Amino acid sequence: MPGLAPGDSAGGVPDSVNGTLVPYSSDSHVSAIYPLRHGLNPPISRVSVSWGRGNSLRVSVFRQPDSDPKSDGEVGGRVVEVTLGKSRDGEISDAQWRKIAYGSVSPFALLQSRKNSTASLSRMQLSPSPYHLEWWEYVMEYSKDISSLLGDPKTALAPLIEDPNEVFPKKVEEPSSLKAAWELMEMFYVDKLSQAWLPERLVDWLADYDSLISIDLPTVHSKLVEFQNQIVTLQVIEDDPRYWDLISSALAVGWLEIVVKLLRLHGSYRLDQLGRRETENGLVEAVAVLISKMPRMRPAIDAGKIGECFKAKPDFVKAWERWRAQITKLDSSAFWVQCDHRQTREGLKNMLQIMLGNVDVLCSSTCHWMELYISHFLYIRPFTAGLESMYSLAQKCIRLKHTSNPHKLMRLMIGILGENNEVVLAECSRGFGTWMVAHAIELLTAGSNEADILVHEEREDLGGISLEELHRLVYAQLLSSHLLTWQIAPIYLTSCMRQGMGLLEILLLKQPVQENQMLLKNLEICRLYELDGISSHLMEISGMYHWKHGRKGCAVFWLQQAHDEVRLSRIASQLFDSVGKSISGESFKQWEGLIELLGSEGQLAGGLNFLHKYRDFKKCLQHAESRKDADAARQAVESLMSLMRNASTPQRFWLPILYDAVKLLSWDEGPLINVSQTNLLLNKLQELSVARLRPDFVEPELPTQALNHVRYSLGTNLGRAILGEL
Amino acid sequence: MEKSLTTLENGTTCSSWNYSGQRIATGSVDGTLSIFDSGDPASTSFKCTSKARVSESGVVKVVWIPPVFGDAVACIDGNGSLSLWEDLAEDAQAVEWKHCKSFQSNSAKVLDVQFGVFRTILKMVVAYSDGQVKVYELSNPLELKNWQLQAEFQNLTDSVAKSAKASCFSASISWNPQRGGGQELRFVLGFNSDTPQLNSSKVWEFDLDHQRWVPVGELALPEDRKDQVFSVAWAPNIGRPYEVIAVATHKGIALWHLGSNPDVQGRLAVERVALLSGYEAGFGKWNGI
């Protein structure tokens with residue numbers, strides 16, 4: 001979790017302080033957690049710190065304001081962004097990491113939903129259906145899905161002609177330590193079917209990943225690669241001591257095909273040599289045949305590989321003893337005396353010793369303790385079972401081949417063998433990053449009950465969350481820090497019961513709303529996770545943004561979506577201000593449009609109804625005036641009357657409405673308003689005059705003689721109307 | 001691996017990021033407010049999109065107003081006056097800063113200002129150099145022009161003992177960054193002044209029944225109550241049963257937990273859980289977290 005970044009002097013306030021685990025040394029000397037390079041010349045006067053998304057920290061560094069006019073070229077400050085925390089393995093590229101991150105989302109989500117349904121089934125105490133798999137099988141599926149993401153496939157072109165000098169097969173994938181670690185976890189914790197063949201599984205694992213187990217020391221793999229390059233230059237391969245050394249090493253770790261291939265490169269196979277070196281060739285071939293018949297305690301062997309497999313222990317034991325007897329017989333045969341070539345004789349004898357399980361020879365043939373460990377499984381103790389015995393054997397091998405700087409894979413291995421769950425978690429996190437620990441926890445808990453308890457226990461010092469939740473939150477924070485991955489963070493956050501939703505809300509609230517597309521995407525996420533409060537808030541921000549920047553229609557739409565009654569009623573009151581004033585053209589259209597948008601529902605129903613009617617009246621009036629249309633004028637009269645009769649029309653608007661209607665009253669073609677209507681209007685006017693005497697009356701902004709003018713017009717109209725009805 | 005986002009001009013004194021991290025506002029000694037935008041959310045390089053002259057004396061602090069009230073900032077200048085500026089450009093590309101409101105204060109200088117939102121009402125807390133604290137409320141959520149003074153008090157737990165005019169060098173305010181609308185309205189405030197009682201950080205809560213601000217907690221150990229407080233920060237609560245607040249004094253940064261359940265007198269439980277020391281913090285050099 002991010003700590004507090006120390007600065008020499010600081011100003012400004014951060015947006016969030018995640019103070020759960022704070023790295024804090026009790027010595028007075030504080031070591032820098034992260035040295036920040038900003039490229040500015042001293043003196044630095046202030047530092048301002050602010051959290052961006054997720055783990056990214058934005059630091060503004062200010063220099064002392066320079067009053068010296070000569071130094072124009074100097075910048076006054078710089079803003080840098082730092083992403084804290086170790087995110088991932090340094091070996092993987094950004095694009096590869098993103099691919100892994102995106103790809104692991106569905107397996108993770110699927111596993112979580114299966115976990116939930118299993119839990120709810122067990123709560124309801126229903127027996128699982130016969131189609132229901134065991135839990136470890138689900139985890140195995142999850143593991144396989146993710147494992148397929150981790151390889152980095154190189155496009156390997158299969159050679160058309162097999163090069164006889166090509167000893168080392170070209171790999172289909174570049175091995176990555178992340179995949180190596182994942183397979184280790186899968187092997188030991190999840191794959192129940194192969195628990196019985198664990199040693200053989202490790203042999204295969206080493207064959208794939210021997211290149212990775214040591215950074216500085218040589219391994220069998222590195223020796224092979226080195227020799228591979230020089231095979232072509234060698235005339236007489238069997239004279240070179242490296243050849244025999246290499247064959248022994250490959251034999252010791254069980255790479256039998258490579259051994260046989262190398263053996264067949266022996267000079268005695270050459271057609272011109274065959275006559276003279278018959279015995280030698282015979283011996284070489286005998287050893288090659290023995291190797292290819294080596295019994296192995298495993299169910300099956302891959303195509304192209306050699307050896308004989310046995311599933312049942314008694315069969316294996318029989319074959320093993322027979323095989324050993326054959327080796328011993330060969331070892332003590334008379335033909336060795338007739339073999340002239342010293343290196344061949346010594347080399348082959350060495351190989352026989354390996355096959356007989358001579359510890360000293362095995363030790364000298366292998367470079368790394370892991371290789372020695374594997375050789376024990378192959379030649380000395382093929383029946384090793386149980387983690388305890390595997391662990392003690394491993395410790396013995398480490399003692400024999402001590403290394404000072406163990407590789408992270410090896411440290412993980414020791415943690416797994418030692419059944420030390422804390423170490424396993426720590427090594428996953430330290431060596432392979434947050435992605436690894438967040439996802440591998442599922443493997444760990446499937447295999448070990450103690451791990452399950454450890455990881456699910458709620459801890460006070462973490463604020464009440466479990467280790468599993470903590471690691472998922474840390475991973476989600478990492479995802480949130482990057483623009484291209486923040487959208488997958490919600491899936492992890494929602495699987496965290498305690499603090500996940502809080503962090504998700506913070507993440508969503510920090511998203512910009514200016515662009516419609518982004519906003520719609522964010523609202524969709526809110527809808528998926530039922531975060532109505534957040535979606536209202538985002539819509540409110542969007543509405544206000546549009547309002548302030550002149551897009552009023554858009555604003556009203558978003559505010560309505562957000563059900564923001566407060567702001568909508570304010571907008572409606574602003575619209576009221578236009579009543580009685582002469583507005584025309586664009587502003588009338590806008591005013592009219594807003595009324596339309598606001599609709600007539602909601603808390604302001606009464607007021608909005610009035611506004612609608614008033615708008616209709618104004619429209620008719622405008623029509624009547626512009627086109628001198630009698631029909632329009634009559635319509636205007638209708639709306640006028642309905643306005644004045646309606647109780648929801650506020651009294652303060654009576655005079656403005658009547659003032660507007662003066663044009664109708666003095667219509668050229670004849671009175672539009674009949675006697676009873678005119679009487680009603682006159683009564684209203686009388687009410688108004690009385691109301692004006694009250695102290696709390698608000699005078700509308702109209703010319704001072706407006707009231708009299710209206711009264712005069714009404715009177716005139718009354719006269720004309722009476723005359724018209726006679 | 002750090003990445004440079006932008007460079008600032010000579011004379012820039014302060015900066016502040018907006019809520020989404022898309023814009024940064026900076027103030028400089030010549031009184032200019034500059035805004036840097038990143039253009040589109042995918043890019044991480046920022047360019048200066050607008051400048052506005054906001055004061056005659058330099059700008060000392062810039063604070064963004066919550067986005068639901070518009071794109072606006074509050075600027076405190078060298079003379080200690082506070083002004084509000086808003087971006088009201090109609091065109092999507094242009095940025096245009098208009099002045100909305102100035103708060104002049106005759107004698108006292110504004111030291112810090114922070115904004116909080118409570119049920120669609122925007123509240124602004126302003127701390128002055130004479131030890132006074134004022135809380136303003138925005139009348140109309142659509143405009144930033146009309147503010148009403150809602151409360152005025154001093155940073156003391158015992159409200160009766162009002163102190164004489166104090167002289168404060170700096171102040172720090174932090175609101176509870178709550179997301180839901182239903183929680184109580186609270187902020188924490190500390191001073192750096194010569195009047196010891198004003199200094200310690202106190203948590204203030206708005207009592208709806210009596211319509212006034214009451215102190216509900218003091219974030220200082222009894223022996224540290226007179227220490228000057230340089231900066232405070234309230235962490236967002238992501239599901240913890242307590243609140244986390246950081247207070248910086250010359251002894252270092254202290255992390256406090258604030259309980260949620262008030263006792264009989266309405267006070268909340270406070271507990272100091274960590275003290276991070278070891279910084280060479282001198283007076284005025286250490287200014288925040």
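Above this note sits the structure.
One structure accompanies this document, and this report is about it. (Residues numbered from 1 in each chain as written. Chains lettered and ligands numbered in written order. Predicted model: local features only at pLDDT ≥ 70, side-chain atom pairs only at ≥ 80, totals over all residues. Heavy atoms only, no water.)

## Some words on the nonpolar core
The tendency in soluble globular proteins is for nonpolar side chains to be buried side by side. Residues and elements named next belong to chain A. With 171 residues, the main nonpolar core has Met185, Phe188, Leu202, Trp205, Leu263, Met370 and Tyr373 as its most contacted residues. For this core, the element with the highest residue contribution is helix H17 (residues 421–447), accounting for 13 residues. Beyond its immediate sequence surroundings of up to four residues, Met185 is in contact with Val190, Leu412, Ile416, Val424, Cys428, Met436, Ala440, Leu443 and Leu444. The next biggest cluster of nonpolar side chains, apart from the first, holds 55 residues, and it includes Met544, Phe576, Leu594 and Met644. (Core = buried A, V, L, I, M, F, W, Y, C linked by side-chain atoms within 4.5 Å. Buried < 20%, exposed > 50% of the residue type's maximum accessible area, 1.4 Å probe, protein only. Helix = DSSP H or I, 4+ residues; strand = E, 2+ residues; numbered from the N terminus. Contact = heavy atoms within 4.5 Å.)

## A word on the pattern of salt bridges
Pairs can form between side chains of opposite charge whenever their charged atoms are close. Residues and elements named next belong to chain A. On inspection of all chains with the given rule, the structure shows 37 salt bridges over all chains. As a salt-bridge pair, Glu442 and Lys115 come within 3.2 Å of each other at their nearest N and O atoms. Here the residue Glu442 occupies a position in helix H17, and Lys115 occupies one in helix H2 (residues 105–123), the gap between them amounting to 327 residues. What makes Glu442 buried here is its relative accessible area of 1%. Taking the shortest distance from any N to any O, the salt bridge between Lys223 and Asp245 comes out at 3.4 Å. Remark: Asp245 occurs in helix H7 (residues 241–252) and Lys223 occurs in helix H6 (residues 220–230); sequence separation between them is 22 residues. Its relative accessible area of 21% is what places Lys223 among the partly exposed residues. Residue class for Asp245 comes out partly exposed when judged on its relative accessible area of 35%. When salt bridges that share partners are traced, they join Lys115, Glu442, Glu468 and Arg472 into one network. (Salt bridge = Lys/Arg side-chain N within 4 Å of Asp/Glu carboxyl O.)

## As for the packing of aromatic side chains
All names here are of chain A. Summed over the entire model, instances satisfying the criterion amount to 25 aromatic pairs over all chains. Relative to Trp320, the ring of Phe316 has its centre 5.5 Å away and its plane inclined at 25°; by these criteria the two rings are stacked. Separated by four residues within a single helix, Phe316 and Trp320 lie in helix H10 (residues 313–331), roughly one turn from each other. Taking the centre distance of 6.3 Å and the plane angle of 55° together, the rings of Tyr614 and Phe617 count as tilted. (Phe/Tyr/Trp six-rings, centres within 6.5 Å; stacked < 30°, edge-to-face > 60°.)

## Side note on the sheet that holds strand E4 (residues 32–37) of chain B
Residues and elements named next belong to chain B. Within the open sheet, the four strands sit side by side as E2-E3-E4-E5. Their pairing is antiparallel. Lying at the two open borders of the sheet, with one neighbouring strand each, are strand E2 (12–17) and strand E5 (47–53). With direction set aside, neighbouring strand axes in the sheet form an average angle of 20°. Sheet topology note: the E2/strand E3 (residues 23–28) ladder contains five bridges and is antiparallel. (Pairing = 2+ DSSP bridges. Axes fitted to C-alpha atoms, helices over the stretch in contact; angles between N-to-C directions.)

## Let's talk about the environment of Ser129(B)
Residue and element names in this part refer to chain B. Its place among the elements puts Ser129 in the loop between strand E11 (121–128) and strand E12 (132–138). Between the alpha carbons of Ser129 and Glu218 there is a distance of 21 Å; along the sequence they are 89 residues apart. Sequence-distant contacts of Ser129, defined by excluding residues within four places in its chain, comprise Ala108, Lys109, Leu111, Ala166, Ser167 and Cys168.

## A few points about the sheet that holds strand E18 (residues 229–234) of chain B
Across a sheet, strands are paired by hydrogen bonds formed along the backbone, either parallel or antiparallel in direction. Residue and element names in this part refer to chain B. The sheet built from four strands is open, its strands ordered E18-E19-E20-E21 with antiparallel pairing. Strands at the two margins of the open sheet, each flanked by one partner only, are E18 and strand E21 (270–276). Pairs of neighbouring strands in the sheet enclose a mean axial angle of 25°, with direction left out of account. Alignment of strand E19 (residues 243–249) against strand E20 (residues 252–258), held across seven bridges, turns out to be antiparallel. In the sheet register, Ala246 faces E20, and the bridge partner there is Leu255.

## Examining a nonpolar patch on the surface
Taken together, Ile722(A), Leu723(A) and Leu726(A) make up a surface patch of nonpolar side chains, about 370 Å² in accessible area. Along the chain, Ile722(A) turns up in helix H31 (residues 706–725). (Patch = residues over 30% accessible without salt bridge, like charges linked within 9 Å, V, L, I, M, F, W, Y side chains within 5 Å. Areas by Shrake-Rupley, 256 points an atom, 1.4 Å probe, with all protein chains shown as cover.)

## Comments concerning unusual backbone geometry
Even without being glycine, Glu419(A) reaches a positive phi, approximately 55°. Residue position: Glu419(A) is located in the loop between helix H16 (408–417) and H17. Positive phi outside glycine occurs at Thr120(B), with the angle close to 65°. Secondary-structure assignment places Thr120(B) in the loop between strand E10 (110–118) and E11. Exposure remark for Thr120(B): the relative accessible area of 26% places this residue in the partly exposed category.

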